[in-house]
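# Secondary and tertiary structure notes
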Amino acid sequence: PATTRDRLRVAIQKSGRLAEPARDLLASCGLTWRESRDRLFCYGESLPVDLLLVRDDDIPGLIADGVCDLGIVGRNVLVENDLARQHDGGTSALKEWRQLGWGVCRLDIAINDDEQWTGPEQLAGQRIATSFPRTLSRWLSDKGVSAEVVTLSGSVEIAPRLGQADVVCDLVSTGGTLAANSLKPVETLLHSEAVIAGPVAALEDGREEIADLLLRRMDGALRLKE
Ligand code: PRT
Ligand code: ZN
């Protein structure tokens with residue numbers, strides 16, 4: 001990095017499922033902050049820890065590029081980005097520093113609920129809609145199955161009804177959304193939860209010390225919740 005940075009920068013989701021629990025967790029570590037007018041940046045007052053409020057999909061890239069030091073993100077997003085990076089010839093730049101135990105969900109294959117499931121080979125030649133193409137492709141190649149991956153950014157569960165796909169690969173928590181779309185889960189590709197993502201390498205310019213302090217407090221806060 002061209003410039004030194006002596007404050008820790010943590011990326012969290014601006015709005016969505018992980019936004020509030022992430023802020024609650026940081027607040028339980030004694031963090032207070034001042035929000036910028038545009039609500040994209042929070043300046044840490046009680047500790048030298050600033051927050052960047054972004055889309056969850058942007059979090060791995062921000063850490064990999066060194067713009068942020070840590071992030072709170074679903075494992076599903078971290079894995080997908082990591083596979084994309086490997087696909088582009090890069091190496092894994094990120095790892096999970098902590099598992100947070102909330103934001104729990106699965107990445108599942110789901111088929112029409114009136115169909116029988118005999119196993120992954122049944123997917124051969126089928127069109128599978130997903131927002132996680134790399135994770136799905138890796139799973140398919142692990143299973144030795146050749147299928148067509150249809151990448152959609154949202155509303156994956158209605159793709160079969162729209163004729164865009166035969167099968168879906170989507171995040172599931174209660175299963176209510178699948179059921180409402182006459183789909184049933186048949187295989188799990190990934191068990192996910194919110195994690196603290198950070199670089200594989202150590203932080204620089206004294207930020208490692210701040211991160212240690214924050215993570216120690218976080219461990220305390222997470223233990224209290226158990
Ligand atoms: O705007 P931004 O890009 O930041 O947000 P997003 O829309 O991409 O993400 P968001 O807020 O929906 O989810 C953030 C993270 O929450 C995900 O990456 C997961 O790690 C985690 N998570 C946990 C979930 C779910 N549970 C979940 N159920 N993410 C999405 N869902 C969706 C799922 O895609 C499906 O549409 O909820 C529906 C299924 O829920 P059930 O309960 O009916 O099974
Ligand atoms: Zn997203």
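Keep in mind it's a predicted model, so treat the numbers as computed, not measured.

Criteria and cut-off values
Residues numbered from 1 in each chain as written. Chains lettered and ligands numbered in written order. Predicted model: local features only at pLDDT ≥ 70, side-chain atom pairs only at ≥ 80, totals over all residues. Helix = DSSP H or I, 4+ residues; strand = E, 2+ residues; numbered from the N terminus. Contact = placed C-beta atoms within 7 Å. Near = placed C-beta within 6 Å. Nonpolar A, V, L, I, M, F, W, Y, C, P; charged D, E, K, R; others polar. Domains from an automatic or database assignment. Pairing = 2+ DSSP bridges. Axes fitted to C-alpha atoms, helices over the stretch in contact; angles between N-to-C directions. Core = buried A, V, L, I, M, F, W, Y, C linked by C-beta atoms within 7 Å. Buried ≥ 20, exposed ≤ 12 C-beta atoms within 10 Å, placed from the backbone. pLDDT = per-residue confidence, 0-100.

Within the protein, the regular secondary structure consists of 7 helices and 12 strands. Along the first, second and third principal axes, the C-alpha set of the protein runs to 55 × 35 × 35 Å. Considering only contacts within the protein whose residues lie at least 6 apart along the sequence, 67% involve residues at least 24 apart.

Contacts to ligand 1 come from 21 residues, most closely from G16, G74, C105, T174 and T177. Those elements that provide at least two residues to the shell around ligand 1 are helix 3 (75-87), strand 10 (167-172) and helix 6 (176-180). The leading source of residues in the shell around ligand 1 is strand 10, at 3 residues. In terms of residue class, the shell around ligand 1 is built from 5 nonpolar, 11 polar and 5 charged. Among the domains, domain 1 (8-103 + 193-225) and domain 2 (105-192) are the pair contributing at least three residues each to the shell around ligand 1.

Turning our eyes to something else, we now look at the domain arrangement of the protein. Domain parsing of the protein yields domain 1 (8-103 + 193-225) and domain 2 (105-192). The interface of domain 1 with domain 2 comprises 10 residues on the first partner and 9 residues on the second. The element that contributes the greatest number of residues to the side of domain 1 that touches domain 2 is helix 3, accounting for 7 residues. Of the residues belonging to the side of domain 1 that touches domain 2, the class tally is 3 nonpolar, 4 polar and 3 charged.

A few words now on the sheet that holds strand 8 (residues 127-130). Read from one edge of the open sheet, 5 strands run 9-8-10-7-11, paired in mixed fashion. Both edges of this open sheet fall to strand 9 (148-151) and strand 11 (183-192), since each of them pairs with a single strand only. Put simply, the sheet's adjacent strands are angled 25° from each other on average, direction ignored. Two strands pair when backbone bridges link them, and strand 7 (residues 105-112) and strand 10 are joined in this way by 5 bridges, in the antiparallel orientation. Counted as the bridge partner of L107 is L171 from strand 10. The sheet contacts of helix 3 involve strand 7, strand 10 and strand 11, and relative to strand 11 the element is tilted by about 75°.

Before going further, it helps to examine the pairing of strand 10. Relative to strand 10, strand 8 runs parallel, the two being bridged by 3 bridges. What sits directly across from T130, in strand 10, is C169.

Of all hydrophobic cores here, the largest spans 29 residues; its most connected members are V10, V73 and A197. Broken down by secondary-structure element, the contributors of at least two residues to this core are strand 1 (8-13), helix 1 (19-28), strand 4 (49-54), helix 2 (59-64), strand 5 (70-74), helix 3, strand 12 (194-199) and helix 7 (207-225). Here A197 is in contact with I59, P60, I63, L70, G71, V73, L78, L94, E96 and W97, once residues within four sequence places are set aside. Within the second largest apolar cluster, 21 residues are counted, among which are L107, W139, V150 and L189.

On to the confidence of the model for the protein, then. On average, residues of the protein score 95 in pLDDT, and 99% of them are at 70 or above. Scored as a complex, the prediction yields pTM 0.96 and ipTM 0.98.

Before going further, it helps to examine the pairing of strand 4. Bridging between strand 1 and strand 4 involves 6 bridges; their strand directions are parallel. Within strand 4, the residue paired with V10 across the bridge is L51. The antiparallel pairing of strand 3 (residues 41-44) with strand 4 creates a hairpin that spans 4 residues between the two strands.

We now examine the environment of P120. With respect to the element layout, P120 can be found in the loop between strand 7 and strand 8. Given 17 C-beta atoms within 10 Å, P120 falls into the partly exposed group. Sequence separation between P120 and G89 is 31 residues; the distance between their C-alpha atoms is 28 Å. Apart from residues lying up to four places away in sequence, P120 is in contact with K143, V145 and E187.

Another point: the environment of L94. Considering the arrangement of structural elements, one finds L94 in strand 6 (residues 94-99). Put simply, L94 and L123 are 29 residues apart on the chain and 31 Å apart in space, counted from C-alpha to C-alpha. In this structure L94 touches P60, I63, A64, L78, D82, A197, G198, P199 and V200, once residues within four positions along its chain are discounted.

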